[in-house]
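Coordinate analysis (summary)
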Amino acid sequence: MKILKFGGTSVASVQSLQSVIGIVQKEKANNTSIVIVTSAIGGMTNLLIKMAEDSAHGNFDENDLVKFQNKHFEIIKSLVEITAQNPIITQLKLLMNELEDLLQGVTVLRELSFQTKDLIISYGERCSTLLLTKILNQYVGEAEAVNSSSYIITDSYFGQANVDEKVSFKNIKELVESKPNKLLVFAGFIAGNKEGRVTTLGRGGSDYTAALLAAALDAEAIEIWTDVNGMMTADPRLVKKAFSLHNLSYTEAMELSYFGAKVIYPPTMSPAFKRKIPIVIKNTFQSDFKGTRIQFESEKTSYPIKGISSIKDVSLVNVKGSGLVGKLGFSGRLFSLLAKQNINIILITQSSSEHSITLAVKHDEVDKAKELIDEEFELEIQAKLLEPVEVENNLGIIAIVGENMKQTVGVSGKLFYALGRNGINVRAIAQGSSEYNISVVIKEDDLSKSLNAVHDAFFNHLNKTIHVFNVGVGNIGATFLNQLEKQKEYLSQNNDIEIKLVGLSNSKKMVFNEHGVDLLNWKDELNNSELEANLDEFISIMDHFNLPNCVFVDNTASSTLPKYYKQIFESSISVVTCNKIANSSSYKEYAELKQTARKYGIDFLYETNVGAGLPIVSVLKDLQMSGDRLLKIEAILSGTISYIFNHFKGEVTFAEVVKNAQELGYTEPDPRDDLSGVDFMRKMLILARDAGYQIEAEDVTIDSILPKSCLEAPSVEDFYQSLVDENEYFESIKLKAESEQKVIRYIGVLEDGKITISLELVDAQHPFYSLSGSDNIISFTTERYKERPLVVKGPGAGAEVTAGGVFADLVNLSSIR
Ligand code: ADP
Ligand code: ASP
Ligand code: MG
């Protein structure tokens, strides 16, 4: 014997009912004896509740009843033979009339008792049972509807009645045994009290009906047919990467469903567990898929947890007081008070040192809970033994569940790291003593972000998603986006990383797409976007998305963007940038940014601030962190100046070399921006600060390459003329170098916390002598590298290498390692 339960979506459409017919036919063909349970058509229970409540408020809308009726009629018209349609429609009409009378009664009385409400919502299952029976009669044969309220007997706790198993099992057994040749279709969810009044088993209760039948009939399995591929690692509506679980223990399924996995109603587990009847959750829309088997033993998987579930609409009730909390008998009194009033406590945490108990309850019960506690402990509150109850609203709970957790160390560490790294504040924590579950209370707005972050952290065979918000699509930005596109496949296959570009802006437009802007088509998406660029808005939309593993990439040279970094860090979003402005303005700003990034535990990566893609910032960091002591840095960090001096030899004049460099695109529009040494100075400043020196731009000594007249020339044209006028000065340097068999180098030195940048003539022994083209070079003299310094050399400018450096920072974010 097998019990097949079909959920709301399984009976909601012609297509789904055709699958149901197929599933039942297959069982019959195999000669399996089956009993069927059905829910109301999806959405109908909610509609009935709405009609009942509207009636009680005197604003019942007849269209709702028409909607309810039509939903059933449409299905009959499509699936039942024309000749058989009329009797069913008449039977359904009778039920609708009864329902209408009831609603009218409520409208007149303006009163809706729990008892009446149960009666009204029972029409959902009554109608669906009738419908499914008639359909199965036509396609499978000999089906008969069973009004469960006459067989499943409960107390009178309307809304969520408690079943008298002994009586109910006997009734069920007798009925089923008396009809061996019938295909019985039980109404799920509904039951009846001893007086014959209709009760219900709690929302989602049809699953429970199926388990009761299975227990009564000693069935070999319960199949729960629904609209997803079984129980999944998380709610698939909230976590796109959720995947189905092959197997769960009753306890695991119980914990997951108790903490929100709606796919199965928690009480279902109890009758099945007692008789070790397996529950199999299957997908009506993909009936061949194996689904999830819930059984006694939990089969091991390679993950420390089985799944993550979540509940919203949660409130916390804090009871505090040094005079009572923690004392013998107090918690007993508190909990029984709430239990007596049927307030369901979802989670409890207690702190003895702080003399407080924190309870999580559903939001709609919190006012009542507060009132009850304040009333019960009125005298104690007056005597200041206890403080008035505090309530916190708009919360949610996420829970990680799995029996494996017990044997695995570091599970909670992983959970809290994922939450902390994403800036999610934990309001309360509970871990059951069984260690099957760790639950955390967080802000409701953070639920989706937390679920996804925690899912990524635990199920690490799946691609970990990095959500990128990029500003700047100039030379570097555009190259960076193209590199992302090219490398996408490789990262996914070899590193389990998925990079999703969620937000993109240039100075004119911005565009957002939670599913990822198309990297092949970002230009069009950006240009066609209706959103005008606006940094304030960009940052606020990025915040609003509230995505896990989020990074802001600044691919501009703008001085405005760095003003937002602090605020971005405070939203727990990392920053990767090639923009030097933030780190080279005042020391105070630099220090504040570093401190904020550390406080929020996120990354601030800027390798490309110095020497483009060359590993310079990271080498310095590694040297420092591994305990080496920096003695001296010598560097050439201006590609433009390198180029100029490497070509300033022989017959050629200085003015010609500069002009040539400009024509080749090596200089800024005004070459003095390079030749003034300011950009070089900024890089040295950043290195000095990273090396631990509290230093400002004014403290740097720069020897100018250019004579005063060149620096002061009013236009670029005048500047070139001034270079010609000063030719003698430049020639004298060149001649001196050549006569001494040296080369001209513009070298920055950091030593004893002081930076100097000056023109030097170096001979062939010097490591910087052989520098060619526009290369950068840096030598670190340290305690460990004293005899022969550590040297990094290579191209220190250009879009490809700079974008590559930004990209490397991105994949080096600690959140994805
Ligand atoms: P039925 O009407 O068949 O009883 P329900 O709507 O009650 O179906 O439950 C199925 C729904 O549960 C799924 O459509 C899915 O959105 C939701 N759900 C929530 N958490 C989970 C989970 N962990 N695994 C699978 N489904 C889940
Ligand atoms: N129809 C009921 C509900 O919507 C019972 C169920 O679907 O299991 O809650
Ligand atoms: Mg359900």
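Below or above, wherever it landed, is the structure these notes cover. (Residues numbered from 1 in each chain as written. Chains lettered and ligands numbered in written order. Predicted model: local features only at pLDDT ≥ 70, side-chain atom pairs only at ≥ 80, totals over all residues. Heavy atoms only, no water.)

1. Observations regarding the overall build of the chain
A tally of helices and strands in the chain yields 29 helices and 30 strands. Over its C-alpha trace the chain gives a radius of gyration of 36 Å, far above what one expects of a compact globule, namely 28 Å for 817 residues. Counting only C-alpha atoms and orienting by the principal axes, one finds that the chain spans roughly 115 × 70 × 50 Å. Burial statistics for the chain: of 817 residues in total, 53% are counted as buried. Partitioning the intrachain contacts of the chain with sequence separation of at least 6 by distance along the chain shows that 73% fall at a separation of at least 24. Carbon and sulfur atoms make up 48% of the accessible area of the chain, which totals about 36,500 Å². Distance from the positive charge centre (82 side chains) to the negative charge centre (106 side chains) of the chain: 6 Å. (Helix = DSSP H or I, 4+ residues; strand = E, 2+ residues; numbered from the N terminus. Rg over C-alpha atoms; globule rule 2.2 N^0.38 Å. Buried < 20%, exposed > 50% of the residue type's maximum accessible area, 1.4 Å probe, protein only. Contact = heavy atoms within 4.5 Å. Areas by Shrake-Rupley, 256 points an atom, 1.4 Å probe, with all protein chains shown as cover. Lys, Arg positive; Asp, Glu negative; His and termini not counted. Charge placed at Lys NZ, Arg CZ, Asp CG, Glu CD.)

2. Quick word on unusual backbone geometry
We note that Asp496 has phi near 55°; this positive angle belongs to a residue other than glycine. Among the structural elements, Asp496 can be located in the loop between helix H15 (475-495) and strand S19 (497-505). Judged by relative accessible area, which is 31%, Asp496 ranks as partly exposed. Despite not being glycine, Gln741 has its phi angle at roughly 55°, a positive value. Looking at the secondary structure, you find Gln741 in the loop between helix H28 (727-739) and strand S27 (743-751). When its relative accessible area of 64% is taken as the criterion, Gln741 is described as exposed.

3. Considering the sheet that holds strand S21 (residues 531-532)
Across the sheet, 7 strands lie side by side as S21-S20-S19-S18-S22-S23-S24; this open sheet has mixed pairing. Each edge of the open sheet carries a strand with a single partner, namely S21 and strand S24 (604-605). Pairing between S19 and strand S20 (residues 509-512): 3 bridges, direction antiparallel. When the sheet's bridge partners are listed, Leu504 is paired in S20 with Val511. Along the sheet face, H15 touches strand S18 (464-471), S19 and strand S22 (550-554) and points at about 155° away from the line of S19. (Pairing = 2+ DSSP bridges. Axes fitted to C-alpha atoms, helices over the stretch in contact; angles between N-to-C directions.)

4. Things to note about helix H4 (residues 82-109)
A turn of α-helix holds 3.6 residues, and therefore any two residues three or four places apart point the same way. When the terminal C-alpha atoms of H4 are compared, their 41 Å separation across 28 residues agrees well with the 40 Å that a helix rising 1.5 Å per residue should span. Residues Gln85, Ile88, Ile89, Leu92, Leu95, Met96, Leu99, Leu103 and Val106 constitute the buried set of H4. Where the residues of H4 are buried, they touch helix H2 (44-56), helix H3 (62-79) and helix H5 (114-139). Arg110 occupies a position one or two residues after H4 and carries a positive phi of about 50°. (Expected span 1.5 Å × (residues − 1).)

5. Looking at the site of ligand 2
Around ligand 2, the neighbouring residues are Ser39, Ala40, Thr45, Glu125, Phe189, Arg203, Gly204, Gly205 and Ser206. In this structure, an oxygen atom belonging to ligand 2 sits 2.8 Å away from a main-chain N or O atom of Gly204. Separating an oxygen atom of ligand 2 from a backbone N or O atom of Ser206 is a distance of 3.0 Å. Considering ligand 2 on its own, with 260 Å² of exposed area, one finds that the protein chains cover 85% of that surface. (Near = heavy atom within 4 Å. Polar contact = N/O pair within 3.5 Å; in protein donor to acceptor, adjacent residues only side chain to side chain.)

6. Digging into the site of ligand 1
In the vicinity of ligand 1 there are 17 residues, among which Gly8, Thr226, Asp227, Met232 and Lys262 approach most closely. Here an oxygen atom of ligand 1 sits 2.7 Å away from a polar atom, N or O, in the side chain of Thr226. At a separation of 3.5 Å, an oxygen atom of ligand 1 approaches a polar backbone atom of Val263. Counted by class, the shell around ligand 1 contains 7 nonpolar, 5 polar and 5 charged residues. (Nonpolar A, V, L, I, M, F, W, Y, C, P; charged D, E, K, R; others polar.)

7. Regarding the pairing of strand S23 (residues 574-577)
The two faces of S23 match: Ser574 and Val576 on one face and Val575 and Thr577 on the other face are all buried. A crossover links S22 with its parallel partner S23, the connecting element being helix H18 (residues 562-570), and its sense is right-handed. Relative to S24, S23 runs parallel, the two being bridged by 2 bridges. By the bridge assignment, Val575 is partnered in S24 with Phe604. (Right-handed = clockwise from strand over helix to strand, strands pointing away.)

8. Regarding the pairing of strand S28 (residues 754-762)
Strand direction decides the pairing type here: strand S26 (residues 701-702) and S28, joined by 2 bridges, are parallel. Each residue of the ladder has a partner; that of Ile702, found in S28, is Ile757. Note: S27 against S28, 9 bridges, orientation antiparallel. Within the sheet, the bridge partner assigned to Glu751 lies in S28 and is Lys754. Here S27 hands over to S28 after 2 residues, with Asp752 in that stretch at a positive phi of 50°.

9. Topic: the nonpolar core
Phe552, Phe654, Leu723 and Phe780 are the most contacted members of the largest nonpolar core, which has 77 residues in total. Take this core: its biggest share by element is 7 residues, from helix H25 (residues 678-690). Ignoring anything within four residues of it in the chain, the contact list for Leu723 reads Phe654, Ala655, Val658, Leu706, Cys710 and Phe730. Counting residues in each nonpolar core, the second largest holds 51 residues, with Leu4, Val20, Leu92 and Leu103 among its members. (Core = buried A, V, L, I, M, F, W, Y, C linked by side-chain atoms within 4.5 Å.)

10. Regarding helix H23 (residues 654-663)
For H23, the full list of buried residues reads Phe654, Ala655, Val657, Val658 and Ala661. In a view along the axis of H23, the buried residues occupy a sector of 165°, so they form one face of it. Contacts from the buried residues of H23 go to helix H22 (639-647), helix H24 (672-675), helix H27 (716-725) and H28. Positive phi appears at Gly665, one or two residues downstream of H23, with a value of about 80°. (Arc of directions from axis to C-beta.)

11. A look at the packing of H4 against H5
Axis separation between H4 and H5 bottoms out at 11 Å; the angle between their running directions is 170°. Looking at the two axes, H4 sits roughly antiparallel to H5. Every residue of H5 that contacts H4 at Ile88, Gln91, Leu92, Leu95, Met96, Glu98, Leu99, Leu102, Leu103 and Val106 is listed here: Thr116, Leu119, Ile120, Tyr123, Arg126, Cys127, Leu130, Leu131 and Lys134. (Parallel < 35°, antiparallel > 145°, perpendicular 65-115°, else oblique.)

12. Let's talk about the packing of aromatic side chains
The full count for this structure, using the stated rule, is 27 aromatic pairs. Following the ring pairs from residue to residue traces out a cluster consisting of Phe469, Phe512, Phe538, Phe545 and Phe552. The cationic tip of Arg126 hangs over the ring face of Tyr123; the distance from NZ or CZ to the ring centre is 4.4 Å. Lying across the ring of Tyr720, Lys659 places its NZ or CZ 4.4 Å from the centre. (Phe/Tyr/Trp six-rings, centres within 6.5 Å; stacked < 30°, edge-to-face > 60°. Lys NZ or Arg CZ within 6 Å of the ring centre and 35° of its normal.)

13. Topic: the side chain of Arg672
Note that Arg672 resides in helix H24. The class for Arg672 is buried, based on a relative accessible area of 10%. A polar side-chain atom of Arg672 sits 3.2 Å from the main-chain carbonyl oxygen of Cys710. Contacts of Arg672, omitting those with residues within four sequence positions, involve Leu706, Cys710, Leu711, Glu712, Ala713, Ser715, Val716 and Phe719.

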